[in-house]
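The chain contents come next:
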Amino acid sequence: MKRYPTVFSMGASDCVGSAGVQADIKTVSSLGAYACAATTSVVVQNTEGGIENLHLVPTDFIKKQIKVVMEDIRPDVVKIGFVNDVNIIKTIAEGLRKYHPRFVVFDPVIFTVEGIRMLEKDAIKAIQDELFHFTNLITMTLEEAEILTNIKVSTMEKMRETAQNLAQMSNMTILLRGHCPENNHRYHILRLPNDEEWIYDLEDLSFPHIHGIGSTFSAAVAAFIALGKTFKEAIEEAQEYIINVIISGKNIRIGHSGNSLCHTFNPKKMVVIDSTF
C-alpha cells in the first residue's frame with residue numbers, strides 16, 4: 001500500500017490566506033506532502049495583520065476534528081500554530097496524549113510579525129504545562145523566547161543561552177530565530193536537549209515584516225520532517241524555501257500589503273511512500 005507523507009495542522013483560520021492553517025496547507029502542498037487541518041479559531045484580519053475579531057471554535061468540535069484526522073489519516077507530523085485559549089490548549093494536549101503522534105512541531109504565536117501580543121499569561125502557562133511535553137521541535141522568535149525565559153536577549157551569547165535554557169527546560173529541540181541586537185544579523189539557532197547546536201548566520205538576507213512568515217516557515221519545517229528529513233536538514237531546507245517564498249512575492253501586492261508570500265513559487269509533485277501503518 002502506498003500513501004502520501006502527511007502534515008496535520010492545528011491552529012487558527014486566516015481569512016486572507018496569508019497565515020494560519022491556510023498558509024500551512026499551501027506550504028505543505030507546495031512541498032509535495034499532504035496537508036490536513038483542525039481549525040481552533042477563526043480570525044478576522046487583513047493582509048497587514050490588523051485583527052478585527054476572533055472567534056474560538058468550541059472545544060467539543062475541535063476534539064472531533066482531531067479524532068477524525070488522527071484515526072483516519074494518521075499523519076506523520078502534527079504542526080501546532082496559534083492557540084490562545086486555555087481550554088483549547090488542554091483539548092489539543094488531550095488529543096496528543098491519546099494518539100501519540102510521531103512528531104510534533106509547535107510554533108507558539110505569542111507575538112505577530114507586526115508586534116501584536118496574542119497570548120496572555122494564563123495561555124502561556126497552559127502551553128508550557130500542557131503542550132511542551134508532547135513537542136519534538138518548537139520554533140519561536142527572540143521576543144517569544146524572552147517571554148518564556150525572562151532573559152533579555154542583547155548579545156549573541158545571550159541568544160545562545162536562551163536557546164540552551166529552553167531546550168533543557170522543555171527537553172525538546174528549539175529553533176530560535178530573529179535579529180541579534182548586538183550586530184543586527186539575523187540568526188537561526190537550532191539547539192538539541194543533548195547540547196548539540198547549529199548556528200545559521202543569515203546576515204545578507206532580508207526578512208521583511210510580511211504577514212504569515214512564521215506560519216509558513218514552521219509549516220515548511222513540518223513538511224520536510226514528514227518527507228523524511230532530520231531536524232537539521234528540515235531547518236536548512238525550510239530556510240531555503242522561505243527565502244524563495246519571500247523573493248518570489250516581493251513587490252507583488254495582495255490587498256493593502258506592500259509585499260506578499262508566494263508559497264507556490266515552485267510546486268513539487270506529490271511524494272508517494274510505502275505505508276508503514
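Up top you'll find the structure we're talking about.
Small disclaimer: the values here were computed from a predicted structure and weren't measured.

(A) Looking closely at the overall build of the protein chain. Each helix and strand counted, the protein chain has eight helices and eleven strands in total. In terms of overall dimensions, the protein chain is globule-like: its C-alpha atoms have a radius of gyration of 17 Å, near the 19 Å expected for 277 residues. Based on the C-alpha atoms only, the size of the protein chain along its principal axes is roughly 50 × 40 × 40 Å. Counting every position in the protein chain, which comprises 277 residues, the buried fraction comes to 52%. Here the analysis covers contacts within the protein chain between residues at least 6 apart in sequence; of these, 67% occur between residues at least 24 apart. Entry remark: accessible area of the protein chain is about 12600 Å², with carbon and sulfur atoms responsible for 50%. For the protein chain, the centre of its 27 positive side-chain charges and the centre of its 33 negative side-chain charges are spaced 5 Å apart.

(B) Geometry of the packing of helix α7 (residues 213–226) against helix α8 (residues 231–249). At a minimum axis distance of 8 Å, the contact between α7 and α8 shows a crossing angle of 135°. Judged by the inter-axis angle, α7 sits oblique to α8. Here α7 and α8 pass one another in a crossing that is right-handed. Counting all contacts with α7, which are made through Ile 213, Thr 216, Phe 217, Ala 220, Val 221, Phe 224 and Ile 225, the residues of α8 involved are Phe 231, Ala 234, Ile 235, Glu 237, Ala 238, Gln 239, Tyr 241, Ile 242 and Ile 246. Its residues assigned to classes, the contact of α7 with α8 comprises 13 nonpolar, two polar and one charged.

(C) Main features of the pairing of strand β9 (residues 186–191). Among the six residues of β9, six are classified as buried, and the element is accordingly described as predominantly covered. Going residue by residue along β9, you find Arg 186, His 188 and Leu 190 tucked away on one face and Tyr 187, Ile 189 and Arg 191 tucked away on the opposite face as well. The pairing of strand β8 (residues 173–179) with β9 spans six bridges and is classified as antiparallel. By the bridge assignment, Ile 174 is partnered in β9 with Arg 191. Connecting β8 to the antiparallel partner β9 that follows it, the hairpin turn spans six residues, and Asn 184 within it adopts a positive phi of roughly 60°.

(D) Focus on the sheet that holds β9. One open sheet holds the nine strands; their spatial order is β4-β3-β2-β5-β6-β7-β8-β9-β10, and the pairing between them is mixed. At either end of the open sheet lies a strand with only one pairing partner, and these are β4 (51–56) and β10 (197–201). Taken over all neighbouring pairs, the strand axes of this sheet differ in orientation by 20° on average, direction set aside. Note that strand β2 (residues 6–14) and strand β3 (residues 34–45) share nine bridges and pair parallel.

(E) Examining the packing of aromatic side chains more closely. Per the stated rule, a full pass over the model turns up three aromatic pairs. Between Tyr 4 and Tyr 34 the ring centres are 6.2 Å apart and the planes differ by 5°, which places this aromatic pair in the stacked class. Of this pair, Tyr 4 sits in the loop between β1 (2–3) and β2 while Tyr 34 is found in strand β3, placing the two residues 30 residues apart along the sequence. With centroids separated by 5.7 Å and ring planes inclined at 40°, the aromatic side chains of Tyr 241 and Phe 265 adopt a geometry described as tilted. Of this pair, Tyr 241 sits in helix α8 while Phe 265 is found in the loop between α8 and β11 (273–274), placing the two residues 24 residues apart along the sequence. Looking at Tyr 241, the relative accessible area reads 5%, which means it is buried. Looking at Phe 265, the relative accessible area reads 31%, which means it is partly exposed.

(F) Region of interest: the nonpolar core. Counting residues in hydrophobic clusters, the biggest one holds 50 residues, and the most contacted among them are Phe 8, Ile 92, Leu 131 and Met 159. When residues of this core are assigned to their parent elements, the largest contribution, six residues, is made by helix α3 (residues 86–99). In contact with Leu 131, other than residues within four places in its own chain, are Val 83, Ile 89, Ile 92, Ala 93, Leu 96, Phe 106 and Ala 126.

(G) Quick look at unusual backbone geometry. With a phi close to 55°, Arg 74 is a non-glycine residue in the positive phi region. Secondary-structure assignment places Arg 74 in the loop between α2 (59–72) and β5 (77–80). Backbone geometry places Asn 251, a non-glycine residue, at a positive phi of 65°. Within the secondary structure, Asn 251 sits in the loop between α8 and β11.

(H) Spatial organisation of the environment of Asn 46. Relative to the helices and strands, Asn 46 resides in the loop between β3 and β4. For the pair Asn 46 and Tyr 241, spaced 195 residues apart in the sequence, the C-alpha separation amounts to 24 Å. Here Asn 46 is in contact with Val 16 and His 211, once residues within four sequence places are set aside.

(I) Highlighting the side chain of Thr 135. For Thr 135, the position within the fold is in the loop between α4 (121–131) and β7 (137–141). Of note is the side chain of Thr 135, whose polar atom sits 2.9 Å from the backbone oxygen of Leu 131.

Cut-offs applied
Residues numbered from 1 in each chain as written. Predicted model: local features only at pLDDT ≥ 70, side-chain atom pairs only at ≥ 80, totals over all residues. Heavy atoms only, no water. Helix = DSSP H or I, 4+ residues; strand = E, 2+ residues; numbered from the N terminus. Rg over C-alpha atoms; globule rule 2.2 N^0.38 Å. Buried < 20%, exposed > 50% of the residue type's maximum accessible area, 1.4 Å probe, protein only. Contact = heavy atoms within 4.5 Å. Areas by Shrake-Rupley, 256 points an atom, 1.4 Å probe, with all protein chains shown as cover. Lys, Arg positive; Asp, Glu negative; His and termini not counted. Charge placed at Lys NZ, Arg CZ, Asp CG, Glu CD. Axes fitted to C-alpha atoms, helices over the stretch in contact; angles between N-to-C directions. Parallel < 35°, antiparallel > 145°, perpendicular 65-115°, else oblique. Left-handed = near helix turned anticlockwise from the far one by under 90°. Nonpolar A, V, L, I, M, F, W, Y, C, P; charged D, E, K, R; others polar. Pairing = 2+ DSSP bridges. Phe/Tyr/Trp six-rings, centres within 6.5 Å; stacked < 30°, edge-to-face > 60°. Core = buried A, V, L, I, M, F, W, Y, C linked by side-chain atoms within 4.5 Å. Polar contact = N/O pair within 3.5 Å; in protein donor to acceptor, adjacent residues only side chain to side chain.

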